[in-house]
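Now for the letters of each chain:
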Amino acid sequence: MDFTRRDFLKHVAAASALATIPGAIHPQPAGASPFPTAVDLDPNLKWDKAPCRFCGTGCGVMVGVKDGKIQAVAGDQLSPVNKGLLCIKGYSLPGILYGADRLTKPQIRANGKLREATWEEALDLIANRYKETLAQYGPEAVAIYGSGQWTATDGYAASKWFRAGMGSNNVEANARLCMASAVTGFISTFGMDEPMGCYDDFEKADAFVLWGNNMAEMHPVLFSRLLERKRTASWVRIVDIATRQTPTTEFADMYVPMKPNSDLALANAIAHVIVNTGRYNEKFINSHTLFKRGKTNIGYGLEDNSKFTDEPQPMTFEEYKTFLADYSPEKVESIVGVPAARIRQLAEIYADKFTKVVSLWCMGMNQHTRGTWINNLVYNLHLLTGKICEPGNNPLSLTGQPSACGTVREVGTLAHRLPADMVVTNPEHRALAAKIWNVPTEKINATPGYNTVEMFRALDRGDIKTIWIQVTNPMVTMPNLTRYRAGAEKEDRFVIVSEVYPTPTTDIADVILPSAMWVERAGVFGNTERRTQQWNKMVEPPGEAKADNWQIVEVAKRMGYGHLFNFASEDLDKELFNEYRQFTLGHGHDLAPYETYQQVRGLRWPVVNGKETPWRYTERFDAYVEKGAGIAFYGNHANGDNAVIWARPFEPAPEVPDKDFPLWLCTGRVLEHWHTGTMTRRVPQLHRAVPEAYLEMNPTDAAEMGIQNGERVRVVSRRGKIELKVMLNGKGRPERGNVFVPFFDENYLINELTLDAYCPISKQPDYKKCAVKVEKIGAAL
């Protein structure tokens, strides 16, 4: 049965009903809660604020505790992010803490079997293993792999321990798999990471263009703000550019079905129309931009130890116009699969000077072998028209994890980065880090470590011997998974995993450490709109589970690096955060003190003189822009504070369908589950809603193959195969020649089929495009 708007609204209502576990029903007496609230809450519970544990939206949650357990959650009506709303996963937050198989004690593998151990034994073993690896093989042989679910202080502790202690830059996080192209796109265009706009744009825009972004399911609370804007302003339009119809399509005024990988050509075609019809903003271009081109035919990162360095070259506006000549709508319609007239209609939205436009994207653009390029090209559309840095006119890259921004990007838990957009290759940045960390400058390695794909390739080869994996599940999420699982299981590799539940990653671990999660410890997350949010510890973790930053510090101390964490107080989160804050001050990344975040619903950096910055690079809102400058992209001082308009061509994907593998495979998420399902599959309501993974097919393709809804089929790529049921006309409906499989189900490891190609600039893999075939194996079920 087709999934309609009515079905979607019913689903939202069902999500709201989950909040009726004892909770938000009674008036709150004065003084009963440690934090003010605008909703009626059960006075028998103790309430406090926290950001949501799931996607990068950063929804505010009120958490109700009694008898040492979370009894209820409610949307925080005083949160400027979600204004009291939560999605089905947000309302299910209590359930993620209380699964029956929660990890509660350290475990050590001996003779192939896990046994329980004390913390002292486990930590000593880990510290000794790291010391032995360093002594025998050097700092290139040790690694730590974290997550966009790391708190800011978890990531900071890991980075400081590795860089200032062991002298290793092998610090990575799973946000490399989801947001790295957004980082390199921002930096190559604006000289600084993260958006100039914010969620307030949603109430001010006239058009929302979604580039490969199923926002209704992946960011449902933010999507509700788009729908409310549309409800109150009849002229507002939503455009859905995608390779499959989704619940987002049901609300779109224009659906643009494109061929996979063709977004590069489509964005250039829109720019072609803007430029060749004279609809560009000449004053803005002359005052605030310059033009560049980079290398082309840059490869796909398929070889071990792939290296790439772009070589930007200046170009003129006329040269850029000549570059666009190959991208007229008529020339690209066969590449994109979209009629020229529809491309011009889409271009009109950007070109019309009276239409305020917000462009939105997430994994669809970022998980791309030209992910940096497509980010650049969408920024071009805003720069050419001057529709940027003002309320309602901005590009906004959405985030998939609660602190992919606040930890991975801002703290800098990537192999080449230091906090606050600093990098290990810059001697001034290393000197500042050495000063804050009180170590010799030469202690900080100037050579970047392995990016995520290369890190697991190095583990397979044996160049990395010891790796600690925290808060993530790479034995489900790595592309070309069979290779990397086999590599991690080799005899002389040592794998430590900090987790909350058993996963395929704990299955290959030599040591498992039980972690405290969410409000079982204090923490700080940073969301999509640069909002830093703090929460307090509210309940005790089960058994002997400990916070990830505590685990890191304890191992560091056992290795002789205790001086790096010798703080004045025992409040580890506050001490780590306030030290990290020193990196952010004075160059447009300013954070407030930890104590300030304890009192507010988050602040958007830069925070200058106690005031947050909703819109960056504009003198109206940003203290770093001098009066009279209007707009200044001050991250690009070397380019005269100008943003870069890039000439980036269309180039094909590394693997395309052929007669042997005739279909495109795309992977992704579903509304009810989050990432690999480690938490959400243990919530009964969510598991019942979507109990297993499935294959979405186009009904016409299925009919031609004689495949029925519910039939079990075999999906095969050049790397692996998997059997699962077909879903026709469900929530997602792929275009012809496309299939889709969600990756939340560890029983169906779809990443055994995917290709480990990546963007050579961002080093982010492409999970959206590889070639497969579908084979019949049985009758309909």
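Residues numbered from 1 in each chain as written. Predicted model: local features only at pLDDT ≥ 70, side-chain atom pairs only at ≥ 80, totals over all residues. Heavy atoms only, no water.

**Some thoughts on the sheet that holds strand 19 (residues 523–526)**
Applied cut-off: When DSSP finds at least two bridges between two strands, those strands are taken to pair. The secondary structure listing takes helices from DSSP runs of H or I that are at least 4 residues long and strands from runs of E that are at least 2 residues long, numbered from the N terminus.
Strand order in the open sheet formed by three strands is 19-20-21, with antiparallel pairing between adjacent strands. At either end of the open sheet lies a strand with only one pairing partner, and these are strand 19 and strand 21 (603–604). Where strand 20 (residues 531–535) lies against strand 21, two bridges are found, and the strand directions are antiparallel. Residue pairing for strand 21: Thr 532 is matched across the bridge by Leu 603.

**Considerations on helix 5 (residues 152–166)**
Rules: A helix is expected to reach a length of 1.5 Å times the quantity of its residues less one. Exposure categories follow from relative accessible area, calculated using a 1.4 Å probe and restricted to protein chains: below 20% of the type maximum is buried, above 50% is exposed, and the middle band is partly exposed.
With 15 residues, helix 5 should reach 21 Å at 1.5 Å per residue; the first-to-last C-alpha distance of 20 Å fits that figure. Most of helix 5 sits out of view: 15 of its 15 residues are buried. Following helix 5 by one or two positions, Gly 167 has its phi on the positive side, about 70°.

**So, the layout of surface pockets**
Note the cut-off: A 1.4 Å probe that fits but cannot get out identifies a cavity on a 1 Å grid over protein atoms alone, an open set with protein on both sides within 12 Å along at least five of seven lines counts as a pocket, and a residue lines either if it has an atom within 4 Å of a point. Grid points are joined across faces, edges and corners, and a volume is the space filled by probe spheres set on the points. Basically, the charged four are Asp, Glu, Lys and Arg, the nonpolar ten are Ala, Val, Leu, Ile, Met, Phe, Trp, Tyr, Cys and Pro, and anything else, Gly included, counts as polar.
Each pocket or cavity is described by its volume, and for the second largest pocket that value is around 480 Å³. Lining the second largest pocket are 24 residues, and of these Ala 547, Asn 549, Trp 550, Glu 570 and Leu 572 sit closest to its centre. Breaking the lining of the second largest pocket down by element, the ones donating at least two residues are helix 22 (548–558) and helix 23 (572–581). Residue contributions to the lining of the second largest pocket peak at five residues, all from helix 22. Among the residues forming the lining of the second largest pocket, the class breakdown is 10 nonpolar, four polar and 10 charged.

**Focus: the packing of helix 10 (residues 263–276) against helix 12 (residues 317–324)**
For clarity, the threshold we go by: Angular values range over 0 to 180 degrees, each being the angle between N-to-C directions of two axes fitted as lines to C-alpha atoms, with helices fitted over their stretch in contact. For this classification, under 35 degrees means roughly parallel, over 145 means roughly antiparallel, 65 to 115 means roughly perpendicular, and everything else is oblique. We call a crossing left-handed when the near helix sits turned anticlockwise from the far one by less than a right angle, and right-handed when that turn is clockwise. What makes two residues a contact is simply this: any of their non-hydrogen atoms within 4.5 Å.
At a minimum axis separation of 9 Å, helix 10 and helix 12 run at an interaxial angle of 125°. Between helix 10 and helix 12, the angle is such that the two are oblique. As helix 10 runs across helix 12, the sense of the crossing is left-handed. Contacts between helix 10 and helix 12 involve Asn 268, Ala 271, His 272, Val 275 and Asn 276 from the first element and Phe 317, Tyr 320, Lys 321, Phe 323 and Leu 324 from the second. Residues that form the contact of helix 10 with helix 12 fall into these classes: six nonpolar, three polar and one charged.

**Quick notes on empty space enclosed by the protein**
Over the atoms a probe the size of a water molecule is rolled, and this reveals where empty space is left. Counted by the stated rule, this structure contains six cavities of 30 Å³ or more. Roughly 110 Å³ of internal volume is contained in the second largest cavity. In this structure, the second largest cavity is lined by 14 residues; those nearest its centre are Cys 52, Cys 55, Thr 57, Cys 59 and Cys 87. Mapped by element, the contributors of at least two residues to the lining of the second largest cavity are helix 2 (88–91) and helix 8 (220–232). For the lining of the second largest cavity, a count of residues per class yields nine nonpolar, four polar and one charged.

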